[in-house]
Amino acid sequence: MEILGKLYEMTSFSEIGQDPQSLLMILLAFLLLYLGIAKRYEPLLLVPIAFGVLIANFPGGGMNVVEATTENNIEHLTILEIAKEHGIMNMLYYSLIKTGLLPPLIFMGVGAMTDFGPMLRNLKLAFFGAAAQIGIFTVLISAVLLGFDIKQAGALGIIGGADGPTAIYTAIILAPELLGPIAIAAYSYMALVPVIIPFIVKFSVSKKELKINMKEQDKLYPNQLEIKNLRVVKIVFPILLGTFIAFLVPSSVPLIGMLLFGNLVKEIGSDTNRLFTAASETIMNTATIFLGLTIGATMTSGTFLNKTTLLIVLGGFIAFSISILGGIVAVKIFNLFSKKKINPLIGATGLSAVPMASRVANDIALKHDKTNHILQYAMSSNISGVIGSAVAAGVLISFLG
Amino acid sequence: MESNLNNAVVLFGVGMLAVFFILLLVVILGNILIRVINKYFPEKNVRNEKPNVGIDESIRSALNEVVRKVTHGKGQIRNIEKIK
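None of these values were measured; they are calculated from a predicted model.

Caption draft 1: A look at the packing of aromatic side chains. Residues and elements named next belong to chain A. Applying the stated criterion across every chain, the model contains six aromatic pairs over all chains. An angle of 50° between the planes, with centres 5.9 Å apart, marks the rings of Tyr189 and Phe320 as tilted. On the criterion of sequence distance, the pair formed by Tyr189 in helix α13 (residues 179-191) and Phe320 in helix α21 (residues 307-337) is long-range, its members being 131 residues apart. Phe320 matches Tyr189 in its accessibility class, with the two residues each being buried. Pairing Phe199 with Phe203 gives two aromatic rings, centres 5.2 Å apart and planes at 75°, and the pair type is edge-to-face. Separated by four residues within a single helix, Phe199 and Phe203 lie in helix α14 (residues 193-204), roughly one turn from each other. Assessed through its relative accessible area of 43%, Phe199 is described here as partly exposed. Among the aromatic residues, those joined into a cluster by ring pairs are Tyr189, Phe317 and Phe320.

Next up, the structure:
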């Protein structure tokens, strides 16, 4: 009987009995895995996050991230001590996430996979990437009204930027206690871009506006500035832009600087091809795995199953929707004063979520006019949205961090 | 709560202005850069690309990009013709 008792203690059953809510978290992990694998919702991040949730909530596994308190003094321990006392997941979390290392590394990979060409060819459309950041700041105010601390409100609002690494980076600095739900909300809504953009467009854009053909507008009012050496422009642009932004919004440099560096090694070409491969594949993939797993491991029943998480999920959706609407309204205002009309779908792609938002906008445009390929135009505001959300994050961090 | 709200409203204004200003800078810098490079470093084969009447600009730039990638920046497209 004593042996049976010891066997029972060895298994997880006794601990599940003590914390039955961990079963709910395991079910949530299964749901997220299903969405990532079967529904293909951002599988590259959702699968590691979901698996992180799963292993963190196996009772007795010791893979959950422990919140830093004055009692455990975890933030003052060495990496070795953290690994020894709290396990390898905490070692990864406190060395890679708490230091803010991984989001800039992912931004470097994003930069290496980004082509600034469409934005440089349609520079004026970059403004709509600014308008689409309005959701971030609107939700910041709403979250304060709902009773969130202003730092938490800033971290919540940044979900409206539709940029996973930016949201995570901001949350790490402003509200690390909300990192798990914010990451889940940000990536879930990014995955739901094909549903959310058509939904907002349906209620805010007329059929006549959806039929505005961008190429016909270009023929009627041609772009006066032809690029005679795109390759050189693409190489100098990240250097020049990075230098100016570093002076104006230095707090956004960890993100924008790494994004532009990644882009530069891509644009240089064969001479830096090995760096490009490392940034866009090796480092990017490694960073993605550790980011997903460690963020998932922060989501235990104690930190996730509460009213705050629900408010974050709801607030994130509102931020996302307002950002899309902000871009659309900006285009509509522009069209009132300009002879050259712009399809409001271009404004809807002002939030980051590159390139999915552009693809979705292109599909909607093609449904209304089979010749209206707006992908190149949408990419312009879409890419500027990445810069815009990183700048917005920089402003929030400088004021609240 | 009230001071938090005031700060949030101020951040709304400052944040949106900062984002617009930086993207305005992107537009201005991009324009200046393109003009300077057009004047001092124009690509030699620009004239050769002109006769490609009927080839969409986005298709042409996509093909240029593919050739540049495959040849590691050494190859250039001089002419594109539609095969009937």
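Caption draft 2: Representation of the layout of surface pockets in the model. Residue and element names in this part refer to chain A. Roughly 950 Å³ of internal volume is contained in the second largest pocket. In this structure, the second largest pocket is lined by 31 residues; those nearest its centre are Glu42, Met113, Met284, Val354 and Pro355. Of all the secondary-structure elements, those providing two or more residues to the lining of the second largest pocket are α4 (43-56), α7 (102-112), α13, α19 (273-297), α23 (356-368) and α24 (375-400). With five residues, α19 is the single largest residue contributor to the lining of the second largest pocket. Within the lining of the second largest pocket, the residues separate by chemical class into 21 nonpolar, five polar and five charged.

Caption draft 3: Quick peek at the interface of chain B and chain A. Between chain B and chain A, the residue contacts involve 42 residues of the former and 51 residues of the latter. Interface area lost by chain B to chain A is led by Leu11, Leu23 and Ile34 of chain B, which between them contribute 14%. Put simply, chain B and chain A have one salt bridge between them. Across the pair Glu65 of chain B and Lys234 of chain A runs a salt bridge, and its minimum N-O distance is 3.4 Å. Put simply, chain B and chain A have five residue pairs in polar contact (both at pLDDT 80 or more) between them. For the side of chain B that touches chain A, the residue count by class is 25 nonpolar, nine polar and eight charged.

Caption draft 4: Molecular detail of the nonpolar core. With 147 residues, the main nonpolar core has Ile197 and Ile387 of chain A as its most contacted residues. Each residue touching Ile197 of chain A, except ones within four places of it in the same chain, is listed here: Ile324, Ala348, Leu351, Ala357, Val360 and Ile364 of chain A.

Caption draft 5: Structural view of the pattern of salt bridges. All names here are of chain A. For the coordinates displayed, the defined rule picks out six salt bridges over all chains. With a shortest N-O distance of 2.9 Å, Asp115 and Lys234 are connected by a salt bridge. Here Asp115, found in the loop between α7 and α8 (117-121), pairs with Lys234, found in helix α17 (residues 230-248); they are 119 residues apart in sequence, far enough to count as distant. The exposure class of Asp115 is partly exposed, given its relative accessible area of 26%. A salt bridge links Lys332 to Glu209, with the nearest nitrogen and oxygen atoms 3.0 Å apart. Taken together, the positions of Lys332 in helix α21 and Glu209 in helix α15 (residues 207-210) put the pair 123 residues apart, joining distant regions of the chain. With a relative accessible area of 26%, Lys332 lands in the partly exposed category.

What counts and what doesn't
Residues numbered from 1 in each chain as written. Chains lettered and ligands numbered in written order. Predicted model: local features only at pLDDT ≥ 70, side-chain atom pairs only at ≥ 80, totals over all residues. Heavy atoms only, no water. Phe/Tyr/Trp six-rings, centres within 6.5 Å; stacked < 30°, edge-to-face > 60°. Helix = DSSP H or I, 4+ residues; strand = E, 2+ residues; numbered from the N terminus. Buried < 20%, exposed > 50% of the residue type's maximum accessible area, 1.4 Å probe, protein only. 1 Å grid on protein atoms, 1.4 Å probe; cavity = no way out; pocket = protein on both sides within 12 Å on 5 of 7 lines; lining within 4 Å. Points joined across faces, edges and corners; volume = space filled by probe spheres on them. Nonpolar A, V, L, I, M, F, W, Y, C, P; charged D, E, K, R; others polar. Contact = heavy atoms within 4.5 Å. Buried area = accessible area lost by both parts, 1.4 Å probe. Salt bridge = Lys/Arg side-chain N within 4 Å of Asp/Glu carboxyl O. Polar contact = N/O pair within 3.5 Å; in protein donor to acceptor, adjacent residues only side chain to side chain. Core = buried A, V, L, I, M, F, W, Y, C linked by side-chain atoms within 4.5 Å.

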